[in-house]
Amino acid sequence: MSTLTVKMEPLATDIYFTEDALHVVLADGREVSAPLEWFPRLRKATKRQRSKWQLIGEGIGIHWPDVDEDIEVESLLAT
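Residues numbered from 1 in each chain as written. Predicted model: local features only at pLDDT ≥ 70, side-chain atom pairs only at ≥ 80, totals over all residues. Heavy atoms only, no water.

Focus on the side chain of His23
Thinking step 1. One can find His23 in strand β2 (residues 21–26).
Thinking step 2. Exposure remark for His23: the relative accessible area of 11% places this residue in the buried category.
Thinking step 3. Within the local environment of His23, its side chain forms a polar contact with the side chain of Thr18, the two groups lying 3.1 Å apart.
Thinking step 4. If sequence neighbours within four positions are ignored, His23 has contacts with Asp14, Ile15, Tyr16, Phe17, Thr18, Glu31, Val32 and Ser33. (Helix = DSSP H or I, 4+ residues; strand = E, 2+ residues; numbered from the N terminus. Buried < 20%, exposed > 50% of the residue type's maximum accessible area, 1.4 Å probe, protein only. Polar contact = N/O pair within 3.5 Å; in protein donor to acceptor, adjacent residues only side chain to side chain. Contact = heavy atoms within 4.5 Å.)

Focus on the environment of Ile60
Thinking step 1. Within the fold, Ile60 resides in the loop between β4 (54–56) and β5 (61–64).
Thinking step 2. Sequence separation of Ile60 and Val25 is 35 residues, and the distance between their C-alpha atoms is 12 Å.
Thinking step 3. For Ile60, the contacting residues outside a window of four places in its chain are Glu9, Pro10, Leu11, Ile71, Glu72 and Val73.

Written out as structure tokens, the structure is:
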């Protein structure tokens, strides 16, 4: 008997920040966190600038136009 394995691309549905971390909520229910130290532009950004984010490609990435920052969700899982 064989098992079919389907690799699903991780998709972001929401994000939020704590004092020192970025938190990304994924469509499958997982949550990934990364220290803001990894993202100097986001670390230096104001709360207002951080709050203006957009999903890229229905959730494969996140874009902050005010600070010109893009993060690929899959790269957060690879670290």
